[in-house]
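Residue-level structure breakdown
Given next are the chains, with one letter for each unit.
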Amino acid sequence: MGCMRWLNSAIITAVLLVPVACSRVPQLPPLAADATILAFGDSLTAGTGAAEAESYPAVLAGLTGRKVINAGIPGEVSAAGLLRLPELLERERPGLLILCHGGNDLLMQQEHKALADNLRGMLRLAGEKGVPVLLVAVPSFNLTLKPPALYGELAKEFTIPIESKILPGILTKNALKSDHIHPNAAGYRQMAEALFLLLKKSGALTS
């Protein structure tokens, strides 16, 4: 009877601990006060649909107190991004890379494997330079607005934090978007706020 009570207690404890373990955010090294954040991507990073000062990198700079470089190029596909990234990493020497790429690949219905391979290449380039990465999942631009599984799989493979809910959440609300694939100023602010919160949860920002 005593063994049964112990077993039941152990099972309950294990069940209660599962959500805690599963919800743990991969940790990033703390960002120095003078660190540079490189926001790398396409039009979602560039801020298409809003003024330059309303893009998510510009808003995030104000929230974090760090320099945030907006390295977004509208229309860029991930293969081109993979070729562009090395020079930026070498020149800017960022303390953190925020990677939000793949939207144009998805719009053109390119193969997910090619997109995953290109993103994996970018993550490896950052790793070789010792640059921590925060990944932003881009939704498939269809009725579901659900990001492809490849984003979550890459985040798990490289043990990096991922923000996978903010863009689908924004793009389901007309008040937060400028067209069917881009946020407006209010949407980009919410994106920046979500990334700021994730940076705090991951330990990159300690105050």
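These figures come from a predicted structure and were not determined experimentally. Residue positions are given per chain, counted from 1 along the sequence in the order it is written. Local features in this predicted model are restricted to residues of pLDDT 70 or higher, and side-chain atom pairs are both shown and tallied only at a pLDDT of 80 or more, whereas totals for entire chains, interfaces and linings draw on every residue. Side-chain metrics in this entry use all non-hydrogen atoms of the structure; hydrogen atoms and water are not considered.

1. Concerning the packing of helix α6 (residues 112-128) against helix α7 (residues 149-158)
Note on geometry: axes are C-alpha line fits, over the in-contact stretch for helices, and angles between N-to-C directions span 0 to 180 degrees. Each helix is a run of DSSP H or I of at least 4 residues and each strand a run of E of at least 2, with the numbering of both proceeding from the N terminus. Between α6 and α7, the shortest axis-to-axis distance is 10 Å and the interhelical angle comes to 30 degrees. Considering the angle they form, α6 stands roughly parallel to α7. Two packed elements cross with a definite hand, and for α6 against α7 that hand is right-handed. Of the residues in α7, those in contact with His112, Leu115, Ala116, Leu119, Arg120, Leu123 and Arg124 of α6 are Leu150, Tyr151, Leu154, Glu157 and Phe158. Throughout this entry, Asp, Glu, Lys and Arg are counted as charged residues, while Ala, Val, Leu, Ile, Met, Phe, Trp, Tyr, Cys and Pro are counted as nonpolar. The remaining residues, Gly among them, count as polar. When grouped by side-chain class, the residues that make up the contact of α6 with α7 number eight nonpolar, one polar and three charged. Relative orientations are named as follows: roughly parallel for angles under 35 degrees, roughly antiparallel for angles over 145 degrees, roughly perpendicular for angles from 65 to 115 degrees, and oblique for any other angle. Definitions for this section: a left-handed crossing has its near helix turned counterclockwise from the far helix by less than a right angle. A right-handed crossing has that turn clockwise. Here a residue-residue contact requires only that any non-hydrogen atoms of the pair lie within 4.5 Å.

2. Some remarks on the sheet that holds strand β1 (residues 36-41)
Should DSSP find at least two bridges between two strands, the strands are taken to pair. The strand order across the open sheet built from five strands is β2-β1-β3-β4-β5, with neighbouring strands paired in parallel fashion. Two strands in the sheet have a free side with no partner beyond their single neighbour: β2 (67-72) and β5 (162-163). Examined bridge by bridge, strand β4 (residues 133-136) and β5 share two bridges and lie parallel to one another. In the sheet register, Val136 faces β5, and the bridge partner there is Glu163. Lying over the sheet, α6 contacts β1, β3 (96-100) and β4, oriented at roughly 175 degrees with respect to β3. α7 rests against β4 and β5 of the sheet, and its axis sits at about 165 degrees to β4.

3. Details of the nonpolar core
Counting 59 residues, the largest nonpolar core has Tyr56, Leu97, Ile98, Leu99, Tyr151 and Met191 as the members making the most contacts within it. Tallying contributions element by element places helix α9 (residues 185-201) first for this core, with eight residues. Side-chain atoms within 4.5 Å link the members of a nonpolar core, which is a set of buried Ala, Val, Leu, Ile, Met, Phe, Trp, Tyr and Cys residues. With a 1.4 Å probe rolled over the protein chains alone, any residue whose accessible area is under 20% of its type maximum counts as buried; one over 50% counts as exposed, and the rest are partly exposed.

4. Overview of the pattern of salt bridges
Side chains that differ in charge, positive against negative, can pair when their charged atoms come close. Put simply, a salt bridge is a Lys or Arg side-chain nitrogen that is within 4 Å of an Asp or Glu carboxyl oxygen. For the structure shown, the criterion picks out nine salt bridges. Taking the shortest distance from any N to any O, the salt bridge between Glu92 and Arg91 comes out at 3.0 Å. For Glu92, a relative accessible area of 21% translates into the label partly exposed. When the shortest N-O distance is used, the salt bridge between Asp117 and Arg120 registers 3.1 Å. Remark: Arg120 and Asp117 occur in helix α6; sequence separation between them is three residues, near one turn of the helix. Residue Asp117 is classed as partly exposed on the basis of its relative accessible area of 34%. The exposure class assigned to Arg120 is buried, which follows from its relative accessible area of 19%. Each member of the salt-bridge network shares a partner with another, and the members are Lys113, Asp117, Arg120 and Glu157.

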